[in-house]
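# Examining the three-dimensional arrangement
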Amino acid sequence: MGIKGLSQLLADHAPGCMKENEIKNYFGRKVAVDASMCIYQFLIAVRQDGSQLTNEDGETTSHLMGMFYRTIRMVENGIKPVYVFDGKPPEMKSGELEKRKERRDEAQKELEKATEAGDAENVEKFNRRLVKVTKQHNEECKELLKLMGIPYVDAPCEAEAQCAALVKAGKVWATGTEDMDSLTFGSDVVLRHLTFSEARKMPIKEYHFDRILEGLALSKEEFIDLCILLGCDYCESIRGIGPKRAIDLIKQHKTIDEILKHIDLKKYTVPENWMYKEARELFKNPEVTQGSEVELKWTEPKETELIEYMVTQKQFNEDRIRNGIKKLTKARSGSTQGRLDGFFKVLTPVSTTPKRKAEDSKGSAKKKAKGGFKRPK
């Protein structure tokens, strides 16, 4: 789910934090991509006659086709992707996972009804709702990426948190995901619609964390509390408080702790044993592998092994796979030149004016009259 309603709230209250861009404008950028989100999209979207793609053995291959071609498209546009895979979910996510299971169980019942009634439209609809990324999907995509020469990282916990850690460590420039909680984890830059923008004729939405805080006039801690109030994956929110009320309360009281002291508890329903403090701590100090411990290497694709894996084992068309490998190799050789801002860092001008001692302030008026200089503002 990410953070409920955050994108609309930012559009309303901090429009300057987001800009729309084309994929070609990210040439030379290293981006940490949420792998599970991508694989889920592929399982939903890469279909034939309403069903996921499979090989002759009945094995699903939609995720491999999606990962292969979209990764090539990113590399062709000069992007250096690193995929980040989810680890074990935090204990606090168990409530959200249980809700998802209930929705899946309900979808399964509706699918059976639709199948019995011969309702093809609803069969496809509920089949999509039952899509789930499995360990096998992940492992197969990791093998594919390894053979393509694309690095990946196994997060110890949440992929979005690990992506943010890589951004903050300077290992990559941005996080590529659809989940807005990557901002709550503190990713400096977040790119939404990166992996499917061209296919759906949608621009990439580029969010900047510092501009979010500036636009909302909030500190990092206040922004985290705002996200918890809006609704996150780790605890419930206060019933009756929507986005507008949430930001008003944060601006007025600064923390959830103070909000709880001032709101009408008859009007608003606070969850029993509400674990907002634990959720806050999880966002501030998530379980991640520190960026300094992660080494990222992009290498040449292993053509022979790729053909063996994708054609012999997974039964993809050989000509198409060979053509894809050619595109990948050509794109790699043409994207070795980095961005100028990767070589040159823009520095804020620093004043060389010496600091004046407090006792000098008395004579400042005389100094000005004699042509003395003013302290830069």
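See above for the structure.
Residues numbered from 1 in each chain as written. Predicted model: local features only at pLDDT ≥ 70, side-chain atom pairs only at ≥ 80, totals over all residues. Heavy atoms only, no water.

## Some details on the sheet that holds strand 6 (residues 152-154)
Whenever strands of a sheet pair, they do so through backbone hydrogen bonds, lying parallel or antiparallel. Strand order across the open sheet formed by 7 strands is 1-9-8-7-2-5-6, with mixed pairing between neighbours. Looking at strand neighbours, the two that pair on one side only are strand 1 (18-21) and strand 6, the edges of this open sheet. Between one strand axis and the next, the sheet turns by 25° as a mean value, whatever way the strands run. (Pairing = 2+ DSSP bridges. Helix = DSSP H or I, 4+ residues; strand = E, 2+ residues; numbered from the N terminus. Axes fitted to C-alpha atoms, helices over the stretch in contact; angles between N-to-C directions.)

## Topic: the pattern of salt bridges
Tallied over the full model, the rule gives 15 salt bridges. E22 serves as the salt-bridge partner of K24, at 4.0 Å between the closest nitrogen and oxygen. By relative accessible area, K24 is classed as exposed at 51%. Judged by its relative accessible area of 46%, E22 falls in the partly exposed class. Each of E139, K142 and D154 takes part in one network of salt bridges that share partners. (Salt bridge = Lys/Arg side-chain N within 4 Å of Asp/Glu carboxyl O. Buried < 20%, exposed > 50% of the residue type's maximum accessible area, 1.4 Å probe, protein only.)

## Some points on helix 9 (residues 209-216)
For helix 9, every residue scored as buried is listed here: F209, I212, L213 and L216. Down the axis of helix 9, the sector holding all buried residues measures 95°, keeping them to one side. Among the exposed residues of helix 9, those oriented more than 90 degrees off its buried face are D210 and E214. Buried residues in helix 9 make contact with helix 1 (6-13), helix 8 (181-184), strand 9 (204-208), helix 10 (220-230) and helix 11 (243-253). (Arc of directions from axis to C-beta. Contact = heavy atoms within 4.5 Å.)

## Digging into empty space enclosed by the protein
Here the structure, examined in full by the defined rule, presents 1 cavity of 30 Å³ or more. By volume, the largest cavity is sized at about 40 Å³. Going through the elements one at a time, strand 2 (30-34) and helix 2 (35-45) are the ones with two or more residues in the lining of the largest cavity. Looking at the lining of the largest cavity, its residues break down into 5 nonpolar, 5 polar and 2 charged. (1 Å grid on protein atoms, 1.4 Å probe; cavity = no way out; pocket = protein on both sides within 12 Å on 5 of 7 lines; lining within 4 Å. Points joined across faces, edges and corners; volume = space filled by probe spheres on them. Nonpolar A, V, L, I, M, F, W, Y, C, P; charged D, E, K, R; others polar.)

## Examining unusual backbone geometry
A positive phi is found at H193, a non-glycine position, where the angle reads about 70°. Within the secondary structure layout, H193 lies in the loop between strand 8 (189-192) and strand 9. Non-glycine residue A217 carries a positive phi angle of around 55°. Its place among the elements puts A217 in the loop between helix 9 and helix 10. A217 gets classed as exposed once you look at its relative accessible area, which sits at 54%.

## Description of helix 10
In terms of burial, helix 10 is largely enclosed, as 9 of its 11 residues are buried. On its buried face, helix 10 is in contact with helix 1, helix 8, helix 9, helix 11, helix 12 (256-262) and helix 13 (276-284). At the C-terminal side of helix 10, G231 shows a positive phi close to 125°.

## Some words on the packing of helix 1 against helix 9
Their axes nearest at 10 Å, the elements helix 1 and helix 9 cross at an angle of 60°. Looking at the two axes, helix 1 sits oblique to helix 9. Classified by chirality, the crossing of helix 9 by helix 1 is left-handed. Facing helix 1, whose interface residues are L9, L10 and H13, helix 9 presents I212, G215 and L216. When grouped by side-chain class, the residues that make up the contact of helix 1 with helix 9 number 4 nonpolar, 2 polar and no charged. (Parallel < 35°, antiparallel > 145°, perpendicular 65-115°, else oblique. Left-handed = near helix turned anticlockwise from the far one by under 90°.)

## Focus on the environment of T299
Mapped onto the elements of the fold, T299 is located in the loop between helix 13 and helix 14 (303-313). Apart from the residues lying within four places of it in its own chain, the contact partners of T299 are M148, G149 and R332.

## With respect to the nonpolar core
In terms of nonpolar packing, the biggest core is built from 52 residues, with Y83, L144, L194 and M310 touching the most fellow members. Among the elements that line this core, the one with the most residues is helix 3 (residues 62-76), at 6 residues. Beyond its immediate chain neighbours, meaning those up to four positions away, L144 contacts L64, M67, F68, L306, Y309 and M310. (Core = buried A, V, L, I, M, F, W, Y, C linked by side-chain atoms within 4.5 Å.)

## Re the packing of aromatic side chains
For the structure shown, the criterion picks out 7 aromatic pairs. With centroids separated by 5.1 Å and ring planes inclined at 75°, the aromatic side chains of F68 and Y69 adopt a geometry described as edge-to-face. Centre to centre, the rings of F85 and Y152 are 5.7 Å apart; their planes meet at 80°, and the pair counts as edge-to-face. Taken together, the positions of F85 in strand 5 (residues 80-85) and Y152 in strand 6 put the pair 67 residues apart, joining distant regions of the chain. Among the aromatic residues, ring-to-ring pairing joins F185, Y234 and F283 into one connected group. Above the ring of W173, the side-chain terminus of R29 is found at 4.0 Å from the ring centroid. The lysine or arginine in question, K142, covers the ring of F85, its NZ or CZ lying 5.1 Å from the ring centre. (Phe/Tyr/Trp six-rings, centres within 6.5 Å; stacked < 30°, edge-to-face > 60°. Lys NZ or Arg CZ within 6 Å of the ring centre and 35° of its normal.)

As far as function goes, none of this settles anything; it's purely spatial.
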